[in-house]
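Listed below are the residues making up each chain.
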Amino acid sequence: MEIGQIVFEKNLLLTRDSLVRYAGASGDFNPIHYRDDIAKQVGLPGVLAHGMLTMGAAISPLFDEAGIKLVEYSVRFSKPVPVDADAGAELTVSAEVVGIEDGLAKLAIKAVFDEQTVLAKSFAWVKND
């Protein structure tokens, strides 16, 4: 890997089915993740994707890359991802090498929804075997 290299760039579709599956796997059944009426009652634009689902989706294409092992991953959530009942929510995710240190590459992980970055200070340290 070298600085400036794009490791992956991919569009991912989150659907209401994605939210149901994630809720079952995580145990997070907060109704803002599946009921528009509840989400709107608390001032949200509608049903939102789970933050951890967004975080996991943003890094998921990394695991399609042969020989790369994730060592550390951290993010800050900067914007919610509303998931429309019909259209879902399309995320554009990417990773760029921004540093190399002690045999590890530092990747800037980017997740964009509706032309807005939804994760801030999102970095992964990876090892290339």
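Whatever comes next refers back to the structure up there.
Heads up: these notes are all about the structure in this document.

Rules used throughout
- Residues numbered from 1 in each chain as written.
- Predicted model: local features only at pLDDT ≥ 70, side-chain atom pairs only at ≥ 80, totals over all residues.
- Heavy atoms only, no water.
- Helix = DSSP H or I, 4+ residues; strand = E, 2+ residues; numbered from the N terminus.
- Buried < 20%, exposed > 50% of the residue type's maximum accessible area, 1.4 Å probe, protein only.
- Contact = heavy atoms within 4.5 Å.

### Side note on unusual backbone geometry
Unlike most non-glycine residues, Asp 102 shows phi in positive territory, near 50°. You can see Asp 102 is positioned in the loop between β3 (89-101) and β4 (104-113). Positive phi, normally seen in glycine, also occurs at Lys 121, with a value near 45°. Looking at the element boundaries, Lys 121 is found in strand β6 (residues 119-128). Given a relative accessible area of 56%, Lys 121 falls into the exposed group.

### Some words on the side chain of Ser 94
Residue placement: Ser 94 occurs in strand β3. If we ignore the near neighbours within four places in the chain, the residues touching Ser 94 are Phe 8, Glu 9, Ala 108, Ile 109 and Lys 110.

### Quick word on the environment of Val 126
For Val 126, the position within the fold is in strand β6. Taking the C-alpha atoms as reference points, Val 126 and Ile 100, 26 residues apart in sequence, are found 9.6 Å from one another. If we skip the residues at most four places from it in the chain, Val 126 touches Met 1, Leu 62, Ile 68, Lys 69, Leu 70, Val 71, Gly 103, Leu 104, Ala 105 and Leu 107.

### Looking at the environment of Met 1
Considering the arrangement of structural elements, one finds Met 1 in the segment before β1 (6-14). Given the relative accessible area of 31%, Met 1 is considered partly exposed. Sequence separation of Met 1 and Gly 99 is 98 residues, and the distance between their C-alpha atoms is 9.6 Å. Once you skip the residues sitting within four places of it in the chain, Met 1 turns out to touch Val 7, Ile 68, Val 97, Ile 100, Ala 105, Leu 107, Val 126 and Asn 128.

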